[in-house]
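Understanding the architecture of this molecule
Each chain, written out:
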Amino acid sequence: MSQPVGRVPQRRNARSNRARILATARQELGRNPDITLEELARASGVVRRTLFGHFPGRAALLEALAEEAAETLQAAVARGAEPAEPADRALARFSLSMWPVGDRYRMLVALAHRDLGAERVAEVLRPARVRATAVVERGQRDGVFHPHLPPAVLGAALEGMTIALLEEVNSGTFEDDGTRTAVAGLIAAGVPEKQARTVVDEIAAEIAAGAGPEGPVGA
């Protein structure tokens, strides 16, 4: 059975509208977490009916953003996995791989627990938490990181610091392309500052040279 004339272009246009709404939401929610859907529709260049056709309410929009963030985060975790390299390099690579994702979805930091709930936030972050804990555990076992905290606790502390720095970026009080946060993470794990800076610079250069679809660090 042949498709009605115009069906494919209409679906393509619908996908384009949805993508534009989500991209605008990532930007505008970072500026104003309380923006209304009507205001978001205007900022996206679509009519109110179009936006509500894709997202019937604020909860649906935020869930779509959370799902998009989860998929992007999982892909970044996979790209940042180099189990054969020393733990300090692995943690630097992990941090630099995560930063563009956090930077892109940092508006969810302000909205997460209020609108999404702690369980949904934990679900989104779980792949990154598992990977970070594994790297920290290996680094402590190899004597690269200090063993003063259990791996999961130190991993959670590094996550908390990263989120805090993302909040500062969101408020405009801090600028970073991910390298400053990666250095701070290594220092917090027990790596000497000079070594931390050298490792991060080397990994950042490697990532930039082999940049994939997400682009170089900070793209």
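Whatever comes next refers back to the structure up there.
Since this is a predicted model, take the numbers as computed values, not measurements.

Calculation notes
- Residues numbered from 1 in each chain as written.
- Predicted model: local features only at pLDDT ≥ 70, side-chain atom pairs only at ≥ 80, totals over all residues.
- Heavy atoms only, no water.
- Helix = DSSP H or I, 4+ residues; strand = E, 2+ residues; numbered from the N terminus.
- Buried < 20%, exposed > 50% of the residue type's maximum accessible area, 1.4 Å probe, protein only.
- Contact = heavy atoms within 4.5 Å.
- Axes fitted to C-alpha atoms, helices over the stretch in contact; angles between N-to-C directions.
- Parallel < 35°, antiparallel > 145°, perpendicular 65-115°, else oblique.
- Left-handed = near helix turned anticlockwise from the far one by under 90°.

The next subject is the environment of E28. Following the sequence through the fold, E28 ends up in helix α1 (residues 7–31). The class of E28 is buried, set by a relative accessible area of 17%. Sequence separation between E28 and M107 is 79 residues, and the spatial gap between their C-alpha atoms is 8.6 Å. Aside from chain neighbours lying at most four places away, what touches E28 is I35, L40 and A43.

Here we come to the environment of I187. Tracing the sequence through the fold places I187 in helix α9 (residues 179–189). On the basis of relative accessibility, which here comes to 38%, the residue I187 falls in the partly exposed class. For the pair formed by I187 and D88, sequence separation is 99 residues and the distance between their alpha carbons is 9.9 Å. Excluding residues within four positions of it along the chain, I187 makes contact with E193 and A196.

What follows concerns the packing of helix α7 (residues 118–141) against helix α8 (residues 151–171). Their axes nearest at 8 Å, the elements α7 and α8 cross at an angle of 120°. In terms of their interaxial angle, α7 and α8 are classed as oblique. By crossing handedness, the relation of α7 to α8 is classed as right-handed. In this structure, α7 uses L125, R129, T133, V136, E137 and Q140 to contact α8, whose residues at the interface are P151, A152, L154, L158 and E159.

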